[in-house]
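# Chain and residue survey
Now for the letters of each chain:
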Amino acid sequence: MPSDRKQFRDLAPPEEAHEAIASLDLEPGTEAIPLEEARGRVLAERVDAELDVPGFDRASVDGYALRAEDTFGADEADPARLELAGVVHAGERPDVEVEPGTCAEISTGAVVPPGADAVVMVERTDRVSRSETDSANGEPVSDREGEDVLVRTSLAPGDRIMFAGADVAAGERALGPGTELTAREVGLLSALGVSDVPVRERPKVAIISTGDELVRPGEELDSDAGEIYDVNSYTVATGVEEAGGVAELYPHAGDDYEEMERILTEAAAECDLVLSSGSTSASAVDVIYRVIEDSGELLLHGVAVKPGKPMLIGTVGDSAYVGLPGYPVSALTIFRTFVAPAIRQAAGLPEPRTATVAGEMAVEERYAEGRLRLMPVGLVEDESGETLVYPVDKGSGATTSLVEADGVVEVHPDTEYLAAGERVEVRLFSPDVRPPTVFGVGEDDPALSRLLDRLDRPRYLALGSREGLRRLRNGVPDVAVTSAPGEVGFDAEVLGTWTREWGLVVPSGNPDGVEGLGDLVDRDLRFVNRTSNSGLRTTLGNALADLAAERGVERHDLVEAIDGFDAGVRAHESPARRVLAGKADAGLGLRATAEALGAGFVPVGEEEVRVLGNPERTGKEGIERLREAISEATDLLDSLAGYGR
């Protein structure tokens, strides 16, 4: 009867349909899954490195491990002559110690033996017998058996060594929540020894096709009776899987009210979202909208879109519900336009993009090796949404290079350089790759790691204050984070600041009775510094300058007196972990780090951490969200020892 028919008098605009679906609760829980099943899943929480990668100081070339000071002044004409003390192979524990005037043959990837602080490439050396005559005066060098190595170059501490934690440092933020796990991220998790991965559960979606005329493919069809094969069940189920959900097919629901209510109620009890197709028009026999009104809540019926006008949005029990049109083209169109984005969001997956993207080079990149180059690149958007492309390369031994890259630019062998602003095409690692909402470079800081968890898809490279400022000056990142004191020397907007207490990390109980920087200078203590890119190292240098002024000596004199000052490690936890491992007596670090690791701490001072924004992008949404997160971070700072405003 006409009074029984649902009329489409007031069709909702598409924006209202999007809002209605967004109001539904599709968020699943979290689960831990084996690493081998993690591809395509989304991290539910931050994963911090529990160990250094590599876990030891590693030779990056074939050559000889030695003491750098033994080569000072050496060159082709006047090589340094070192006694060959032994051999270190990859995968073996060193059984040799490098004493002054000696060296050890070493393979790429092998553990740097005790006493050595540099590795010389084999190409810059000659190996000679000790019984051979000296080429300069013709006199015998020695009548002892064995071999010496002639080193024809000078080295500095740290040359050709990848220090423990140089790729990923223990305590460092390895991957953040919301990260989609591809082969790159699985490789990084493997390097960290992670076997069980905390991921977001995939939303479970019930697929129900309605109509007495439907027959599942594979079953016998009676066309004379008006039967047709069910297209929508498998089509929509495939779309659900592509969007990151888990599709569950349920039996057909006929046009009977009781049968339809039973199946919908059963599906709602077992799934996060119920999708039906068909029975959404105004026909007298289409009763599904009545079932929704009786069993849940009908939020919307009818959308001003073609195809797909007869669309239902509501709830059944505690589950979300969307009714799709019966015609397959309409059903798939509505699904892709309105439902798939909601499933992707619930699964934590980004909107899909094409497999290639065009953009402009953010900086000039020189290349003149005459070979095809597959250049790993990252993507960042400027304030107007234009894509900028920047090179990403931390070396062939670094797992994180792949994680930080979004794709590859092929550089032709005849190309000597790519100019800033030049258009390039990026072959994405995945069609789903999107630029980060905010891209930062700078100081490694525990408060910042926690702040980033509050943002959507950030990217941060903890390369140190100096590198962060250099890149911000060149205009590549959105923000730089620095703890280095003083003016930066170029225009940048301060988005927020906080303070952190720094000092010397020592073993628990401070067995050596370290009281301050003076002990590093005056006593025979092994010290672990940070790299020269670290703002904390700059702060230490300024404090030593003050100490030198108090003593009436040069800063250089104090630095020279500190054992280990020149060779630093990269991340904020690295010195503390070396101290706790018994490899040093004191290390440069933060109170928060010492307390988190159960180490002792000798306070020296306080430094300010500044988050600086790219002046060309201060209106970018990601930067605005970061600014808000910093201003709202009082609880976060209060939770970290030694932190404040």
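As a reminder, the structure under discussion sits directly above these lines.
Helix and strand content of the protein chain: 16 helices and 36 strands. Dimensions of the protein chain, computed from the C-alpha atoms along their principal axes, are close to 115 × 55 × 45 Å. Counting over 645 residues, the protein chain shows a buried share of 50%. In the protein chain, 72% of the contacts between residues at least 6 apart in sequence involve partners at least 24 apart. Accessible area of the protein chain: about 29100 Å², with a carbon and sulfur share of 45%. Once the 62 positive and 122 negative side-chain charges of the protein chain are each reduced to a mean point, those two points are 2 Å apart.

Packing of helix H1 (residues 14-22) against helix H6 (residues 328-347) brings their axes to within 10 Å, and their N-to-C directions diverge by 25°. Classed by the angle they form, the pair H1 and H6 counts as roughly parallel. Both H1 and H6 take part in a crossing whose hand is right-handed. Contacts between H1 and H6 involve Pro 14, Ala 17, His 18 and Ile 21 on the former and, on the latter, Thr 337, Phe 338, Val 339 and Ala 342.

The next point concerns the pattern of salt bridges. Tallied over the entire structure, the rule returns 38 salt bridges. With its nearest N and O atoms 2.7 Å apart, the salt bridge here joins Arg 578 to Asp 57. With Arg 578 in helix H13 (residues 574-580) and Asp 57 in the loop between strand E2 (47-48) and strand E3 (58-59), this pair connects stretches of sequence that are 521 residues apart. The buried category is assigned to Arg 578, whose relative accessible area is 17%. Glu 147 is paired through a salt bridge with Arg 127; the nearest N and O atoms lie 3.0 Å apart. One end of the pair, Glu 147, is in strand E9 (residues 147-151); the other, Arg 127, is in strand E8 (residues 125-129), with 20 residues separating them in the sequence.

If you look at the biggest cluster of nonpolar residues, it comprises 45 residues, and the most contacted ones within it are Trp 498, Leu 517 and Phe 527. Considering each element in turn, this core owes the most residues, 6 residues, to helix H11 (residues 535-551). Ala 17, Met 311, Val 322 and Ala 346 belong to the second largest nonpolar core, which has 31 residues in total.

Below, the discussion takes up the environment of Pro 575. Of note, Pro 575 is situated in helix H13. Overall, Pro 575 belongs to the buried group, its relative accessible area being 0%. Taking the C-alpha atoms as reference points, Pro 575 and Arg 530, 45 residues apart in sequence, are found 7.3 Å from one another. Excluding anything up to four places from it in sequence, Pro 575 contacts Val 528, Asn 529, Arg 530, Val 569, Gly 587 and Leu 588.

With that out of the way, let us pick up the packing of aromatic side chains. Any aromatic ring pair is given by two values, namely how distant the centres are and how the planes are angled relative to each other. Taken as a whole and assessed by the stated rule, the structure comprises 1 aromatic pair. In this structure, Arg 366 is placed above the aromatic ring of Tyr 417, and the distance from its NZ or CZ to the ring centre is 5.2 Å.

On the surface, Asp 212, Glu 213, Asp 256 and Glu 258 cluster together to form a negatively charged patch. By secondary structure assignment, the location of Glu 258 is in helix H4 (residues 257-270). Judged by its relative accessible area of 53%, Glu 258 is exposed.

With that settled, the discussion passes to the environment of Pro 79. Take Pro 79: it is sitting in the loop between strand E4 (63-66) and strand E5 (80-88). Separated by 406 residues in sequence, Pro 79 and Pro 485 place their C-alpha atoms 42 Å apart. Other than its neighbours up to four places away in sequence, Pro 79 contacts Ala 74, Leu 150, Val 151 and Arg 152.

This part is about the pairing of strand E29 (residues 458-461). Where strand E28 (residues 438-442) and E29 come together, 4 bridges link them in parallel fashion. When the sheet's bridge partners are listed, Val 438 is paired in E29 with Pro 458.

Criteria and thresholds
Residues numbered from 1 in each chain as written. Predicted model: local features only at pLDDT ≥ 70, side-chain atom pairs only at ≥ 80, totals over all residues. Heavy atoms only, no water. Helix = DSSP H or I, 4+ residues; strand = E, 2+ residues; numbered from the N terminus. Buried < 20%, exposed > 50% of the residue type's maximum accessible area, 1.4 Å probe, protein only. Contact = heavy atoms within 4.5 Å. Areas by Shrake-Rupley, 256 points an atom, 1.4 Å probe, with all protein chains shown as cover. Lys, Arg positive; Asp, Glu negative; His and termini not counted. Charge placed at Lys NZ, Arg CZ, Asp CG, Glu CD. Axes fitted to C-alpha atoms, helices over the stretch in contact; angles between N-to-C directions. Parallel < 35°, antiparallel > 145°, perpendicular 65-115°, else oblique. Left-handed = near helix turned anticlockwise from the far one by under 90°. Salt bridge = Lys/Arg side-chain N within 4 Å of Asp/Glu carboxyl O. Core = buried A, V, L, I, M, F, W, Y, C linked by side-chain atoms within 4.5 Å. Phe/Tyr/Trp six-rings, centres within 6.5 Å; stacked < 30°, edge-to-face > 60°. Lys NZ or Arg CZ within 6 Å of the ring centre and 35° of its normal. Patch = residues over 30% accessible without salt bridge, like charges linked within 9 Å, V, L, I, M, F, W, Y side chains within 5 Å. Pairing = 2+ DSSP bridges.

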